[in-house]
Amino acid sequence: MALQVYNTLTNKKEEVVPVTPGKITMYLCGPTVYDYFHIGNARPFIVYDIFRRYLKYRGYDVKFVMNVTDIDDKIITKAIKEAVPASEVAGKYTNAFFEDLEKLGVEPADEYPKATENINEIIALIERLIDKGLAYQIEGDVYYSVAKFSGYGKLSGKNIEELKSGARIEIDARKKNPLDFSLWKAAKPGEPAWDSPWGKGRPGWHIECSVMSMKYLGETIDIHAGGSDLVFPHHENEIAQSEGASGKPFVKYWMHNGFLNIEGEKMSKSLGNFFTARDIMKKYHASVIRMFFLQKHYKSPVSFSEDRILESQNALERIITAMQNIDIVLKDIDFEDNDDQKVVEQIAGLKSEFLKNMDDDFNTAGAMSNIFDLVKEANHILSKTSLLREDYITLKEIRAIIEEFDSFLGILSYKEEMHTSVSEDSLISILLDVREQLRKEKLWNLSDEIRDKLANLGVEIKDYPDKTIWMKKIKS
Ligand code: AMP
Ligand code: ZN
């Protein structure tokens, strides 16, 4: 099956046919840097990181751009409150943003353009829109005239009249239509400002994404993504600006993730019901947070609670434990002979189920249940009293697949945290050597005592006819 994604523009799943065969251009609306980002904001950063890496895994040459909004009302308000320049607020939280993304295991984008570094390009696009009669100037402000763009409303699926009545929009008597939005804002005293043909001022929020998407990825791109709160007005306005200027389709596939909710409400800075990603990562490994999002389809709402995070941690530990136990069992196994064809085929079937789920609008929830099928199969083999050659091959294959998928899932790094330290490993080996001696001397009580006490500590001893190994206990 070919890769399909749900396109907000057409309201249906569509096969992905890139503008240029073999290449995917992808843009994600990035943060406004006036605070640390919260775990709700982390959802788009993580899920689109996984999708971008999956597309690469599938052989596409992916170019991925995420902007940083480093000039905005919220940044200015915070700067005034803290009595520091707006650039200082933006600088501090841009650095924090990059630090947190790295900790979350997000691969760096190909470009992270900033609004303040693209002012000339923003002015040039606004001039183009004025020249085309799509924008108008009033006393140093420039507005987009939505009535002049016939496709306005096509993304949110509403016409201008419906949007007018439904939207909470600022009333500005100078505007021709209440839905007209700011492209350029005249400077207010004390605010950061740049020279422009309309006097000193700063760009509106929507225009920067049109500029940066077209500058770095071209006038028509494949995927433009963000949270579902961005459909209207942000993405609707981006379409009006970009298509109004270029006359070409702006984006082929619009993707929008669902919200992370807390106690039934969207987690948001303005409601104050948020936990920063950096605080959550003090307590939980980034892989646990990735796992938490992977277990849900990206379009579904997801409820945040510590219990749910702990469930994800448990689920992740089941995968990691199986991987560690496979390593232990396979340690001295020689795979020189050719692999068992039957086993390879059976595992390939499980692998293709996983890929089918990922190709079906990135159904990570389904894909993770396929991973758990593999883990279950591995645990079943690991619990046997003696292993056949095909068992070893199956374990090897399962391990290889999970590791291969981790190139985009990015969850196995949890291993380092969980792995028994070297000294514990060696202590257990010493105990096993002693136990071996006790068994040789038929001191069964003592040898069983060692086994039982280790079992109480979560270490399981398995006596095979030819050797004894230890494993971590499998969590149920
Ligand atoms: P912001 O910094 O508010 O512009 O948000 C950055 C990104 O996070 C945007 O793509 C938003 O749509 C997304 N976002 C904000 N809040 C949530 C939430 N509670 N759940 C999921 N995504 C969110
Ligand atoms: Zn944007």
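Quick caveat, the model's predicted, so the values are computed rather than measured. (Residues numbered from 1 in each chain as written. Chains lettered and ligands numbered in written order. Predicted model: local features only at pLDDT ≥ 70, side-chain atom pairs only at ≥ 80, totals over all residues. Heavy atoms only, no water.)

**Some points on the overall build of the chain**
Spelled out, the test is: Under the scheme used here, helices are H or I runs from DSSP no shorter than 4 residues and strands are E runs no shorter than 2 residues, and both carry numbers assigned from the N terminus. For the exposure calls, accessible area comes from a 1.4 Å probe over protein chains only, and a residue counts as buried if that area is under 20% of its type's maximum, exposed if over 50%, partly exposed in between. In this description, contact between two residues means that some pair of their heavy atoms is separated by no more than 4.5 Å. We get accessible surface area from the Shrake-Rupley algorithm with a probe of 1.4 Å; when it comes to residues, only the shown protein chains can shield them.
Looking only at helices and strands, one finds 16 helices and 15 strands in the chain. The buried share among the 476 residues of the chain stands at 52%. A fraction of 76% describes how many contacts in the chain between residues 6 or more apart in sequence connect residues 24 or more apart. Surface summary for the chain: the accessible area is close to 21,800 Å², and the carbon and sulfur share equals 50%.

**Some thoughts on empty space enclosed by the protein**
In this approach the atoms are scanned with a rolling probe the size of a water molecule, which exposes any empty space left behind. In plain terms, the rule: A cavity here means a set of 1 Å grid points, computed over protein atoms only, where a 1.4 Å probe fits but cannot escape. A pocket is an open set with protein on both sides within 12 Å along at least 5 of 7 lines, and lining residues have an atom within 4 Å of a point. Grid points are joined across faces, edges and corners, and a volume is the space filled by probe spheres set on the points. We call Asp, Glu, Lys and Arg charged. Ala, Val, Leu, Ile, Met, Phe, Trp, Tyr, Cys and Pro are nonpolar, and the rest, Gly among them, are polar.
For the coordinates displayed, the defined rule picks out 1 cavity of 30 Å³ or more. Considering only enclosed or pocket space, the largest cavity measures out at about 50 Å³ in volume. Every residue lining the largest cavity is listed: Pro31, Thr32, Val33, Asp35, Tyr36, Phe37, Tyr93, Ala96, Phe97, Asp100 and Lys269. When the residues that make up the lining of the largest cavity are grouped by side-chain class, the tally is 7 nonpolar, 1 polar and 3 charged.

**Remarks on the sheet that holds strand β11 (residues 260-262)**
Basically, it comes down to this: Strand pairing follows a simple DSSP-based rule, namely that at least 2 bridges must link the two strands.
The mixed open sheet is built from 3 strands, whose spatial order is β12-β11-β13. The open sheet has two edge strands with one neighbour each: β12 (265-266) and β13 (302-303). Pairing geometry for β11 and β13, over 2 bridges, is parallel. What sits directly across from Leu260, in β13, is Val302.

**What about the site of ligand 1?**
What counts, and what does not: A molecule or strand has a residue near it when one of that residue's heavy atoms lies within 4 Å. Under this definition, polar contacts are N or O atom pairs within 3.5 Å; protein pairs additionally need one hydrogen-donor-capable and one acceptor-capable atom, and for neighbouring residues in sequence, both atoms have to be side-chain atoms.
Surveying the vicinity of ligand 1 reveals 16 residues, the closest of which are Asn41, Gly227, Asp229, Leu260 and Met267. Between ligand 1 and Gly227, the relevant distance is 3.1 Å, taken from an oxygen atom to a main-chain nitrogen or oxygen of the residue. Relative to its free-state accessible area of 480 Å², ligand 1 is covered by the protein chains to the extent of 91%. Class assignment of the residues belonging to the shell around ligand 1 gives a composition of 6 nonpolar, 8 polar and 2 charged.

**What to know about the coordination of the zinc ion (ligand 2)**
Rules: Distances decide who is a donor: an N, O or S atom must be within 2.8 Å of the metal, or within 3.2 Å for Na, K and Ca. Water is not included, so sites may look incomplete.
Within the first shell, the zinc ion (ligand 2) binds the protein through Cys29 (SG), Cys209 (SG) and His234 (NE2), at distances of 2.0 to 2.2 Å. Each donor residue of the zinc ion (ligand 2) lies on the same chain, and together they follow the pattern C-x179-C-x24-H. Taken as a pair, Cys29 in the loop between β3 (23-28) and α1 (42-57) and Cys209 in helix α6 (residues 205-217) lie far apart in primary sequence, 180 residues in all. Take Cys29 and Cys209: they sit in the same class, and that class is buried.

**Observations concerning the sheet that holds strand β5 (residues 135-138)**
Our working rule: Where helices are involved, their axes are fitted lines through C-alpha atoms of the stretch in contact, as for all axes, and angles between N-to-C directions lie from 0 to 180°.
Ordered in space as β5-β6-β7-β8, the 4 strands form an open sheet in which the pairing is antiparallel. Taken across any chain shown, the strands that pair with only one partner, and hence form the sheet edges, are β5 and β8 (201-203). Put simply, the sheet's adjacent strands are angled 20° from each other on average, direction ignored. Sheet analysis places strand β6 (residues 141-144) next to strand β7 (residues 181-186), joined by 3 bridges and oriented antiparallel. Bridging across to β7, Tyr144 finds its partner in Phe181. Sheet strands in contact with helix α4 (residues 119-131) are β5, β6, β7 and β8, and its direction is about 120° off that of β7.

**Observations regarding the packing of aromatic side chains**
Any two aromatic rings considered together are summarised by their centre-to-centre distance and by the angle between their planes. Stated formally: Only centres within 6.5 Å qualify two rings of Phe, Tyr or Trp (six-membered ring in Trp) as a pair; their planes then separate them into stacked at under 30 degrees, edge-to-face at over 60, and tilted for everything else.
Under the defined criterion, the tally for this structure stands at 26 aromatic pairs. Ring geometry for Phe45 against Phe97: centres 5.5 Å apart, planes inclined by 70°, an arrangement best described as edge-to-face. Taken together, the residues Phe45 in helix α1 and Phe97 in helix α3 (residues 86-103) connect sequence positions 52 residues apart. Relative accessible area serves as the criterion here: at 5%, Phe45 is assigned to the buried category. You can call Phe97 buried: its relative accessible area is 2%. For the pair Tyr48 and Phe51, a centre-to-centre distance of 5.7 Å together with 85° between the ring planes defines the contact as edge-to-face. With a gap of 3 residues between them, Tyr48 and Phe51 both fall in helix α1, about one helical turn apart. Given a relative accessible area of 2%, Phe51 falls into the buried group.

**Focus: unusual backbone geometry**
A cis geometry characterises the amide bond from Phe232 onward to Pro233, with omega recorded as 5°. Relative to the helices and strands, Pro233 resides in helix α7 (residues 231-246). Notably, Ala83 is not glycine yet its phi reads approximately 55°, a positive angle. Along the chain, Ala83 falls in the loop between α2 (73-82) and α3. Exposure remark for Ala83: the relative accessible area of 68% places this residue in the exposed category.

**A word on the nonpolar core**
Soluble globular proteins tend to pack their nonpolar side chains together in the buried interior. This is how it is decided: Only buried Ala, Val, Leu, Ile, Met, Phe, Trp, Tyr and Cys residues count toward a nonpolar core, and they belong to the same one when joined by side-chain atoms within 4.5 Å.
Ile319 and Phe362 are the most contacted members of the largest nonpolar core, which totals 97 residues. Top element by residues in this core is helix α10 (residues 306-330). It accounts for 10 residues. Those residues within four positions of Ile319 in sequence are excluded, and the remaining contacts are Met291, Met368, Ile371, Phe372, Val375, Ile402, Ile411 and Leu412. Within the second largest apolar cluster, 42 residues are counted, among which are Tyr27, Leu129, Val142 and Ile207.

**A word on the pattern of salt bridges**
The cut-off we apply is this: Here, a salt bridge means any side-chain nitrogen of Lys or Arg that lies within 4 Å of a carboxyl oxygen of Asp or Glu.
Within this structure, the stated rule accounts for 35 salt bridges. Between Arg58 and Asp359 there is a salt bridge; the shortest N-O distance is 2.5 Å. With a gap of 301 residues between them, Arg58 in the loop between α1 and β4 (61-66) and Asp359 in helix α11 (residues 341-359) connect regions that are remote in the sequence. Among the residues examined, Arg58 registers a relative accessible area of 37% and is labelled partly exposed. The salt bridge involving Asp100 is made with Lys103; its shortest N-O contact spans 3.7 Å. Here Asp100 and its partner Lys103 are both found in helix α3, 3 residues apart, which amounts to about one turn of the helix. Connected through shared salt-bridge partners, Asp49, Arg53, Lys56, Glu107 and Arg290 make up one network.

By themselves these figures say nothing about function.
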